[in-house]
Amino acid sequence: MEALNRFSRFVGQTFALWAGLFAGIAFVAPETFKWVLPHIPLLLGIVMFGMGLTLSPADFKILGRHPKAVLVGVVAQFVIMPLTAYALAVGFNLPPEIAVGVILVGACPGGTASNVMTYLARGNVALSVAVTSISTLLAPVLTPAIFYLLANQWLDISATAMFGSIAKMVLLPIVLGVAAHLLFRKQTEAAVGVLPLVSVVAIVLIIGAVVGASKPKILESGLLILGVVILHNGIGYLLGFLAAKLCKLPFDAQKTLAIEVGMQNSGLGAALASAYFTPLAAVPSAIFSVWHNISGSLLASYWAAKAVREKESRKDSV
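Residues numbered from 1 in each chain as written. Predicted model: local features only at pLDDT ≥ 70, side-chain atom pairs only at ≥ 80, totals over all residues. Heavy atoms only, no water.

Q: Would you take a moment to explain the overall build of the protein chain for this structure?
A: The helix and strand tally for the protein chain stands at 15 helices and zero strands. Scaling as 2.2 N^0.38, a compact globule of 318 residues should have a C-alpha radius of gyration of about 20 Å, and the protein chain matches this with 19 Å. Across its three principal directions, the C-alpha atoms of the protein chain cover 60 × 45 × 35 Å. Residues classed as buried in the protein chain amount to 52% of the 318 residues present. When contacts within the protein chain are restricted to residue pairs at least 6 apart in sequence, long-range pairs at least 24 apart make up 84% of them. Carbon and sulfur atoms provide 71% of the accessible area of the protein chain, an area that totals close to 14200 Å². Across the protein chain, 20 positive and 12 negative side-chain charges occur, with their mean positions spaced 7 Å apart. (Helix = DSSP H or I, 4+ residues; strand = E, 2+ residues; numbered from the N terminus. Rg over C-alpha atoms; globule rule 2.2 N^0.38 Å. Buried < 20%, exposed > 50% of the residue type's maximum accessible area, 1.4 Å probe, protein only. Contact = heavy atoms within 4.5 Å. Areas by Shrake-Rupley, 256 points an atom, 1.4 Å probe, with all protein chains shown as cover. Lys, Arg positive; Asp, Glu negative; His and termini not counted. Charge placed at Lys NZ, Arg CZ, Asp CG, Glu CD.)

Laid out in structure tokens, this is it:
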């Protein structure tokens, strides 16, 4: 079991590699993951169930100790990324399907990968987990509401239907995961080590399905989508950091909220886009999944190296 846990950690830490590999396979051989398309909501539900298994009341204790930091993080998440997505869609005059996909990933809550990146960046992991968890629990209401508000000019969207889908794909699996954790604590805690492997497999299959189904459109618009995704992600990091700085939060919280805001639950975006729109609308989420893990790793490595240099500098000055 320990060997499996080590392999699971390795796969989780190298997610960007696997996401890129599966996207490449799907691009070269589009039929490979065609069978996954009908099962995307189920795969996302499995990821969310795993998140529920890891949640405990201790994860929310930071709410009582640092409510301001959590509030800033959640508000920044649901303001910065959707408005940035809308500005990019309008500014680049994106085709309707791509515009909808960019705004959809912007309206999603934070992704669980942000917790790993925060740890690597020497940020505040408890704050990261709390912001991710609370934004995910609010997603069934806020994601369709924000998305409808910003994207209705491009397509006819049913916010009510989307609310139901997010509740089934996100809220219900999380609640079931929390219940399983409470009822079968010993068994679920033994299984937690395998969750990164399960999550990575589920998300790379979603990426493979979306890329394979959208190959012709990617050939046509892939560079444009990649450029918009890189801008969206980078602006999220920058504005998340500045929001925390303006609110006079400590530096570890500034790093945390930069990562938390910039990294999205792009698996949810891909699942919703696949359910309601064309495969092309899911491509921004699929590309975001690959890119934000690469950029997040680079940013975390920079901050970790900086923390080491500062620690050594303090030692030398004593």
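Now that the structure has been shown, we can carry on.
Q: Would you mind going over the nonpolar core with me for this structure?
A: Nonpolar side chains tend toward joint burial in soluble globular proteins. Among the nonpolar cores identified, the biggest contains 88 residues, and F147 and I207 are the most heavily contacted of them. By size, the runner-up hydrophobic cluster in this structure holds ten residues, among which are M117, F241, I259 and W303. (Core = buried A, V, L, I, M, F, W, Y, C linked by side-chain atoms within 4.5 Å.)

Q: For this particular structure, what's the right way to read the packing of aromatic side chains?
A: To describe a pair of aromatic rings, one takes the distance between the centres and the angle between the planes. Within the structure shown, the criterion is met by seven aromatic pairs. On the basis of an interplanar angle of 55° and a centroid distance of 5.9 Å, the ring pair of F147 and F277 is categorised as tilted. Taken together, the residues F147 in helix α8 (residues 125-151) and F277 in the loop between α14 (266-276) and α15 (279-317) connect sequence positions 130 residues apart. Each of the two residues, F147 as well as F277, counts as buried. Taken together, the ring pairs in this structure connect F147, Y276 and F277 into an aromatic cluster. (Phe/Tyr/Trp six-rings, centres within 6.5 Å; stacked < 30°, edge-to-face > 60°.)

Q: Help me understand the environment of V308, please; the structure alone is not making it clear to me.
A: Following the sequence through the fold, V308 ends up in helix α15. Considered as a pair, V308 and A69 are 239 residues apart in the sequence and their alpha carbons are 25 Å apart.

Q: Sorry, what's going on with the environment of G64 here?
A: Within the secondary structure, G64 is located in helix α4 (residues 61-65). Looking at G64, the relative accessible area reads 67%, which means it is exposed. For the pair G64 and A307, spaced 243 residues apart in the sequence, the C-alpha separation amounts to 28 Å.

Q: Teacher, can you tell me more about a nonpolar patch on the surface here?
A: On the surface, a nonpolar cluster with roughly 350 Å² of combined accessible area is contributed by L71, V75, V79 and L83. Considering the arrangement of structural elements, one finds V79 in helix α5 (residues 67-91). (Patch = residues over 30% accessible without salt bridge, like charges linked within 9 Å, V, L, I, M, F, W, Y side chains within 5 Å. Salt bridge = Lys/Arg side-chain N within 4 Å of Asp/Glu carboxyl O.)

Q: Whenever I open this one, helix α11 (residues 195-213) confuses me. Can you help?
A: Think of an α-helix as 3.6 residues a turn; residues three or four steps apart then line up on the same face. The end-to-end C-alpha distance of α11 is 27 Å, a good match for the 27 Å that 19 residues give at a rise of 1.5 Å each. Burial within α11 is extensive, with 14 of its 19 residues counted as buried. (Expected span 1.5 Å × (residues − 1).)

Q: Teacher, can you tell me more about the packing of helix α12 (residues 215-246) against helix α13 (residues 251-262) here?
A: In a pair of packed helices, the angle between the axes and the distance between the axes together describe the arrangement. At their nearest, the axes of α12 and α13 sit 7 Å apart, and the two run at 145° to each other. Taken as a pair, α12 and α13 cross one another with a handedness that is right-handed. Taking contact as the criterion, the partners of N233, G236, Y237, G240, F241, A244 and K245 in α12 are, on α13, F251, A253, Q254, K255, L257, A258, I259, V261 and G262. Within the contact of α12 with α13, the residues separate by chemical class into nine nonpolar, five polar and two charged. (Axes fitted to C-alpha atoms, helices over the stretch in contact; angles between N-to-C directions. Left-handed = near helix turned anticlockwise from the far one by under 90°. Nonpolar A, V, L, I, M, F, W, Y, C, P; charged D, E, K, R; others polar.)

Q: I tried to follow unusual backbone geometry on my own but got confused; where do I start?
A: Glycine aside, residues mostly have negative phi angles, and peptide bonds mostly take the trans form. The phi angle at N93 is positive, at roughly 50°, despite the residue not being glycine. Phi is positive for K248, close to 60°, though the residue is something other than glycine. Mapped onto the elements, K248 comes out in the loop between α12 and α13. We classify K248 as exposed; its relative accessible area is 74%.

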